[in-house]
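Each chain, letter by letter, is given below.
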Amino acid sequence: MLTPDPTTEQTPPPSAAPSRDAPARSGAAALLGEHLRPTLKFLLVGGIVFLLDAAMYNLLVFWHPTHGWGEGIMHGSPLTAKVIAVAIASCLTYLGNRLWTFGDRPRPDTTRSIMMFVLVNLIAAGLQLSCLAFSRYVLGLDSVLADNISGTVIGQIVSTSFRYVTYGRFVFPRR
């Protein structure tokens, strides 16, 4: 059996010495890696569905099959039109997030997951509708630009922020 010579001191090369910043960097990199990919996926799904939501709303409110652009079939009912657009977009959002964004997470009880998704989206839709209603009924603005800024852009930013925080915690938890 070979034994080391006690008179010879072995020192590691200078590059092998642990750095004080290494744990902080690896922790930050791990945190970034853990959250960056799902955040980008969430934003991509949301971006596609956002375009669909905006297109449906604008067609319902500002496009008429016989008169073209101007006042659409649901111009007098913008909140109902937004509910229809949000409901269709929400179904696609669920599929995109369940199958792709949070697809690596364990499949929770489907009934519970869908019920939490519906609850979160009802609250988020309420936030989005509040922005549109404020613009339409408090400020009296009913142009294409005003509806799209208030209900589509501002409302979507508020509701998407709420959805991002709640989907990962309640709808598609890690467990």
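Please refer to the structure higher up on the page.
Please read all numbers here as calculations on a predicted model, not as lab measurements.

Participant: Quick one: what's the story with the environment of Gly126, residue by residue and with numbers?
Facilitator: One can find Gly126 in helix 3 (residues 110-138). Overall, the relative accessible area of 30% leaves Gly126 in the partly exposed class. As a C-alpha pair, Gly126 and Val83 span 43 residues in sequence and 9.3 Å in three-dimensional space.

Participant: Tell me about the packing of helix 3 against helix 4 (residues 144-171), residues and numbers included.
Facilitator: At a minimum axis separation of 8 Å, helix 3 and helix 4 run at an interaxial angle of 155°. Comparing their axes, helix 4 and helix 3 come out roughly antiparallel. Classified by chirality, the crossing of helix 4 by helix 3 is right-handed. Taken together, the residues that form the contact of helix 3 with helix 4 break down as 16 nonpolar, 11 polar and four charged.

Participant: Before we move on, could you go through helix 3 and cite the residues and values that matter?
Facilitator: Owing to its 3.6 residues per turn, the α-helix aligns residues three or four sequence positions apart on the same side. The end-to-end C-alpha distance of helix 3 is 40 Å, a good match for the 42 Å that 29 residues give at a rise of 1.5 Å each. Positive backbone phi, at 75°, marks Gly140, one or two positions downstream of helix 3.

Participant: An account of the packing of aromatic side chains is needed here, citing residue identities and associated values.
Facilitator: Evaluated as defined, the whole model comprises five aromatic pairs. With a centroid separation of 4.8 Å and an interplanar angle of 75°, the aromatic rings of Tyr94 and Phe117 are classed as edge-to-face. Of this pair, Tyr94 sits in helix 2 (residues 78-101) while Phe117 sits in helix 3; the two residues are 23 residues apart in sequence, bridging distant segments of the chain. When its relative accessible area of 14% is taken as the criterion, Tyr94 is described as buried. Taking relative accessible area as the criterion, Phe117 reaches 6% and is therefore assigned buried. Through a chain of ring-to-ring contacts, three or more aromatic side chains come together here, namely Phe42, Tyr94, Phe117, Tyr164 and Tyr167. Just above the ring of Tyr57 sits the side chain of Lys82; from NZ or CZ to the centre is 5.0 Å.

Participant: Residue-level account of the packing of helix 2 against helix 4, with values.
Facilitator: Orientation of helix 2 relative to helix 4, taken along the N-to-C sense of each, is 35°, at an axis distance of 14 Å. Seen along the crossing, helix 2 lies across helix 4 with a hand that is right-handed. For the pair formed by helix 2 and helix 4, the contact residues are Lys82, Val86, Ser90, Thr93 and Asn97 on the first element and Gly151, Thr152, Arg163 and Tyr167 on the second. Of the residues assigned to the contact of helix 2 with helix 4, the class counts are two nonpolar, five polar and two charged.

Parameters and conventions
Residues numbered from 1 in each chain as written. Predicted model: local features only at pLDDT ≥ 70, side-chain atom pairs only at ≥ 80, totals over all residues. Heavy atoms only, no water. Helix = DSSP H or I, 4+ residues; strand = E, 2+ residues; numbered from the N terminus. Buried < 20%, exposed > 50% of the residue type's maximum accessible area, 1.4 Å probe, protein only. Axes fitted to C-alpha atoms, helices over the stretch in contact; angles between N-to-C directions. Parallel < 35°, antiparallel > 145°, perpendicular 65-115°, else oblique. Left-handed = near helix turned anticlockwise from the far one by under 90°. Nonpolar A, V, L, I, M, F, W, Y, C, P; charged D, E, K, R; others polar. Expected span 1.5 Å × (residues − 1). Phe/Tyr/Trp six-rings, centres within 6.5 Å; stacked < 30°, edge-to-face > 60°. Lys NZ or Arg CZ within 6 Å of the ring centre and 35° of its normal. Contact = heavy atoms within 4.5 Å.

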